[in-house]
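Chain by chain, the residues run as shown.
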Amino acid sequence: MQDRLSEVKRHFEELANQLTDPQVLSDNAKYRALTKEYKNLTPIVEAYDACQAARAERQEAWELLQQSGLEPDFLKMVQEEYEKARWKTQELEDALRILLLPKDENDDKNIIMEIRSGTGGEEAALFAHSLYRMYSMYAAACNWQIEVNSCSETELGGIKEISFTVQGEGAYSRLKFEAGTHRVQRVPETETQGRIHTSAATVAVMPEAEEVELELDVKDLKIDTFRSSGAGGQHINKTSSAIRVTHLPTGMVVECQDERSQYKNKDKALRVLRSRLLAEKKAAQQAEVSAERRSQVGTGDRSGRIRTYNFPQGRVTDHRIGLTLYKLPAVLDGDLDELIDALVTADQAEKLRHSQEE
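The following refers to the structure shown. (Residues numbered from 1 in each chain as written. Predicted model: local features only at pLDDT ≥ 70, side-chain atom pairs only at ≥ 80, totals over all residues. Heavy atoms only, no water.)

## Re the overall build of the protein chain
Assigned secondary structure in the protein chain consists of 10 helices and 11 strands. Looking at the protein chain as a whole, 39% of its 358 residues are labelled buried. The contacts in the protein chain between residues at least 6 apart in sequence include a share of 61% that link residues at least 24 apart. (Helix = DSSP H or I, 4+ residues; strand = E, 2+ residues; numbered from the N terminus. Buried < 20%, exposed > 50% of the residue type's maximum accessible area, 1.4 Å probe, protein only. Contact = heavy atoms within 4.5 Å.)

In C-alpha cells:
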C-alpha cells in the first residue's frame, strides 16, 4: 500500500503543476478532466499526509520511551502521546484502504430514478407516491435538484409509475443502493376491518448517460407526439407537447410530458432512453462475468425485497444488511442518511474483503 500511496502523491503533484500550465488552462475539456482527477485524489493525499505525520509522531514518542531516567510525569505524557499517535495511525491507514478501493465511475453522475407500483393495487400506487416524496425530501436536504420526466397517476393520488432525474454531486453514490423492491405493511384507509395489507413498489436507479458514452442513431428511433394528460390546467390539454420515443432495435419506449416545450420533452426523453440503454448494456456485461442479477428490480411482487416499511411497528428494515430502525415517519420524510451510511459501509467492507482475497 505504501508504494501505491507514494505513486498517488507523485501523480497528484504532477496534476497540480499541469493545472497551472497555460496550454492546459486554454483547453477547457482537458482542464475539466484534470481538475476532476485532482479533486478525486485530494482526500487520499490529505489522509496520506496526515498518516505520515502520525507515524512520525509515533516514532518520535517511541524513541523517547527507549531512553532511561525519564521523570515519571514526563514518561506518562510520552506514553499517552505514543498511544494517541498509534491509534491515529491505525485509523488513517484503515481510511486509506477504503479510499484506495476502485471508485465507481458513475458515483459523481446525476441519476434517473424510476418508481413503479407493484403488487397491491391502489395501495401499492399510494406507497409509490410515498417513496417519491421520500426521495424528493432527501434530495432537497442534500441540495440536489429533481426534474420529473414522466408520471402516471391514479385517481386517488397514487403513482403507477414515475421517472425523474436527480441532479447533484454524489447523487448516484448515495442513491444507487435504493434500487430494488420496497415492501410496505400497513392498514389501508379503505380497509374497514383493520387488516394489515402488504404491498410493493420497485425502484430503479440509473446513472445519467452522456452522449459520448452511448450514441443514438436517429434511424433507430421512432418519435411520436401526443397531448399530455393529467394535472396542468388548460394548456396541457390543448397542445401536443408530450413526446414518445421508441427505440426500434430493443422496443424500449420512453415518454416525457412534464414540460410545456416539445423540444424540452424530447431532450428529456432521449436522456432517459440513453441512460436505460447504457444501464442495460452494462448489466449484460456484468452478467457475463458474474452470477449477479441482470436487472435491479424484479416484477414488483413481494419477493426479492430489499427493504420493508412496517407501519404498525413504526420500523424500517433493510434486509440486505439486517438493519432495523424504529423511525419510520422520519425515514419517509427523507431522513435516509443512517440507512444509506450503513449500506455504504457494508459495501466498502465487502470490497475490502475481496481486495484482500485477491
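## Points about the sheet that holds strand 5 (residues 197-207)
Ordered in space as 2-3-1-5-4-9-10-11, the 8 strands form an open sheet in which the pairing is mixed. If you trace the sheet from one side to the other, it starts and ends with strand 2 (145-153) and strand 11 (323-325), each paired once. Along the sheet, successive strands turn relative to each other by an average axial angle of 15°, direction set aside. Taken together, the 4 bridges between strand 9 (residues 305-310) and strand 10 (residues 315-318) define a ladder with antiparallel strand orientation. Among the inter-strand pairings, Thr308 is bridged to a residue of strand 10, identified as Thr317. (Pairing = 2+ DSSP bridges. Axes fitted to C-alpha atoms, helices over the stretch in contact; angles between N-to-C directions.)

## Here's the deal with a negative patch on the surface
On the surface, Glu57, Glu60, Glu63, Glu80 and Glu81 cluster together into a patch of negative charge. For the negative patch, the elements supplying multiple residues, two or more each, are helix 3 (28-65) and helix 4 (72-99). No other element matches the 3 residues that helix 3 contributes to the negative patch. Inspection of the secondary structure puts Glu81 in helix 4. (Patch = residues over 30% accessible without salt bridge, like charges linked within 9 Å, V, L, I, M, F, W, Y side chains within 5 Å. Areas by Shrake-Rupley, 256 points an atom, 1.4 Å probe, with all protein chains shown as cover. Salt bridge = Lys/Arg side-chain N within 4 Å of Asp/Glu carboxyl O. Lys, Arg positive; Asp, Glu negative; His and termini not counted. Charge placed at Lys NZ, Arg CZ, Asp CG, Glu CD.)

## Structural notes on the environment of Asp258
You can see Asp258 is positioned in the loop between strand 8 (252-256) and helix 8 (262-289). Taking the C-alpha atoms as reference, Asp258 lies 8.6 Å from Glu147; in sequence the two are 111 residues apart. Residue contacts for Asp258: discarding those within four places in its chain leaves Val148, Asn149, Asn265 and Lys268.

## Brief notes about the packing of helix 3 against helix 4
It is at 8 Å that the axes of helix 3 and helix 4 come closest, and there the two elements cross at 155°. As far as their axial angle goes, helix 4 and helix 3 are roughly antiparallel. Once helix 3 is placed against helix 4, the crossing between them reads as left-handed. Residues belonging to the contact of helix 3 with helix 4 are distributed by class as follows: 19 nonpolar, 2 polar and 7 charged. (Parallel < 35°, antiparallel > 145°, perpendicular 65-115°, else oblique. Left-handed = near helix turned anticlockwise from the far one by under 90°. Nonpolar A, V, L, I, M, F, W, Y, C, P; charged D, E, K, R; others polar.)

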